[in-house]
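Descriptive analysis of the structure
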Amino acid sequence: MTFKTLDDLGDIAGKRVLVRVDLNVPVSDGKVTDATRIERVAPTILELSKKGAKVILLAHFGRPKGAPVADMSLKLIAPAVSQVLDTDVATAEDCIGEAAASAIAAMKDGDILLLENTRFHKGEEKNDPDFVKALAENGDIYVNDAFSAAHRAHASTEGLAHHLPAYAGRTMQAELEALEQGLGQPKRPVVAIVGGAKVSTKIDLLMNLVKKVDALVIGGGMANTFLAARGTDVGKSLCEHDLAATAKQIMVEAAGAGCAIVLPMDGVIAREFKAGAENETVDIESIPADAMVLDVGPKSIAAINDWISKAETLVWNGPLGAFEISPFDKATVAVAKHAAEETKAGKLVSVAGGGDTVSALNHAGVADDFTYISTAGGAFLEWMEGKELPGVSVLHGK
Ligand code: AMP
């Protein structure tokens, strides 16, 4: 790890610290419906404030496309931030220029100020040098605590780090340390589970994983594409038949890299995609022509859990079945519970994330027992794809 953290800051009393946070929270009827992202950045904000810094928050909200949009104002989010932090949070009319400067001039040491949506300026997403300079004028130090925006080379996520001394916030630090344990320098054997609906959205991810892990478990709808590619009749299951060649290529790459591909050997089938649909478990080679596989079966669960028992590290993206509709959540829940047990027993490092994975693991009730669950979505997936994240590279001095 070569990036600097808040531990490296020294005396910051009275210093203006620009902190990039992720406040892109869901809002309904003007109310924040899920404050998880705010809760995640709270430790960094409060730590800086306690040390006497002037804490100046930078964030985007929605997709205003470079111009002010009233219902994408961060002023709407400020009360929720204030509530989570349990302290006052001031706001400003803009994130640069006179409006920002005068709001900052009014700050006392330890105060917290939320600047207006960075994406109200075109320069944010373009990483425009003049806009970066205008942002940098407001700070002495830059802290990035928004891993979830680190896959974008924007002014507030990347550009600023070239102008000000740059540090990772506590959430960014935790995320990077967990990811390093997951795929950077993992303890072997490493098992990856990739599930979810489609292969087409995860080709890069699968290609990267087969080079890095010892076993790749493929579940969910995307397993059908692999099964069909090797000649298994998957009936009416969700399946991207046009990706047969891609699936085969992934299997060839895996063989070349010594990565075992673990496909379902049995499945839970139904005729309708709905909760409580009549269902039965069949051998994977006996899927009736009019049925679809909505979950992996007990033999597959046992095989996956066996791999997890042997593994030192688990990386997980995507559910093993249609977990939103009972009883097709069974495999996802059973495997998640087993991974949680192994983690609690100190036998496994478990890192999971991306889209539906977080809700699937919440549904299994194990979210707190994994080593790390990333809520970062796109950034987490790009990391799993082996891509360089500009907001992270720049913290490493690249
Ligand atoms: P993703 O966003 O790619 O991770 O996909 C998650 C979605 O895949 C969830 O909504 C699941 O219901 C769906 N899914 C998982 N397994 C299956 C399956 N066997 N058939 C249809 N959909 C599935």
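See above for the structure.
The following paragraphs examine the structure supplied in this document. (Residues numbered from 1 in each chain as written. Predicted model: local features only at pLDDT ≥ 70, side-chain atom pairs only at ≥ 80, totals over all residues. Heavy atoms only, no water.)

1. Focus on the overall build of the chain
- Broken down by element type, the chain carries 14 helices and 17 strands.
- In terms of C-alpha radius of gyration, the chain reaches 23 Å, essentially the compact-globule figure of 21 Å for 398 residues.
- When the backbone C-alpha atoms are referred to their principal axes, the chain occupies close to 70 × 45 × 40 Å.
- Going through the 398 residues of the chain one by one, you find that 56% of them count as buried.
- Working note: accessible area of the chain is about 16400 Å², and carbon and sulfur atoms make up 49% of it.
- Distance from the positive charge centre (39 side chains) to the negative charge centre (54 side chains) of the chain: 2 Å. (Helix = DSSP H or I, 4+ residues; strand = E, 2+ residues; numbered from the N terminus. Rg over C-alpha atoms; globule rule 2.2 N^0.38 Å. Buried < 20%, exposed > 50% of the residue type's maximum accessible area, 1.4 Å probe, protein only. Areas by Shrake-Rupley, 256 points an atom, 1.4 Å probe, with all protein chains shown as cover. Lys, Arg positive; Asp, Glu negative; His and termini not counted. Charge placed at Lys NZ, Arg CZ, Asp CG, Glu CD.)

2. Points about the pattern of salt bridges
- Inspection of every chain in the model, using the stated rule, returns 18 salt bridges.
- We note a salt bridge from D7 to R170, for which the minimum N-O separation is 2.8 Å. One end of the pair, D7, is in the segment before β1 (16–20); the other, R170, is in helix α6 (residues 170–184), and 163 residues separate them in sequence.
- Two residues, R37 and D22, come together in a salt bridge whose shortest N-O distance is 3.0 Å. You can see R37 sitting in helix α1 (residues 36–50) and its partner D22 sitting in the loop between β1 and β2 (27–28), a full 15 residues away along the chain.
- Overlapping salt bridges bring together D7, E47, K51 and R170 as one network. (Salt bridge = Lys/Arg side-chain N within 4 Å of Asp/Glu carboxyl O.)

3. Describing the pairing of strand β12 (residues 266–270)
- Extensive coverage of β12 is indicated by the burial of 5 of its 5 residues.
- Judged by which residues are buried, β12 turns out to be covered on both faces: D266, V268 and A270 on one side and G267 and I269 on the other are all buried.
- Relative to strand β13 (residues 279–283), β12 runs antiparallel, the two sharing 5 bridges. The partner of G267 across the bridge, within β13, is V282. (Pairing = 2+ DSSP bridges.)

4. Focus: unusual backbone geometry
- Of the consecutive residues R188 and P189, the connecting peptide bond is found in the cis state with omega at 0 degrees.
- On the secondary structure map, P189 appears in the loop between α6 and β9 (190–194).
- Across the junction of S326 and P327, the peptide omega takes the value 5 degrees, indicating a cis bond.
- Locating P327 in the fold gives a position in the loop between β15 (313–317) and α11 (330–344).
- Of note in the backbone geometry, D86 takes a positive phi value of approximately 60 degrees without being a glycine.

5. Quick notes on the side chain of E175
- Residue placement: E175 occurs in helix α6.
- Of the side chains bearing the opposite charge, R40 lies closest to the buried E175, which forms no salt bridge; the N-O distance is 4.6 Å.
- A distance of 2.4 Å separates the side chain of E175 from the side chain of S374, its partner in a polar contact. (Polar contact = N/O pair within 3.5 Å; in protein donor to acceptor, adjacent residues only side chain to side chain.)

6. Describing helix α9 (residues 244–257)
- Compared with the 20 Å implied by 1.5 Å per residue over 14 residues, the 20 Å span of α9 between its first and last C-alpha is a close match.
- Regarding α9, the residues found buried are T246, A247, I250 and A254. Burial along α9 is one-sided: seen end-on, the buried residues are contained in an arc of 100 degrees. For α9, the exposed residues set more than 90 degrees away from the buried face come down to A245, V252, A255 and G256.
- Buried residues along α9 sit in contact with α7 (203–212), α8 (220–229) and β11 (260–262). (Expected span 1.5 Å × (residues − 1). Arc of directions from axis to C-beta. Contact = heavy atoms within 4.5 Å.)

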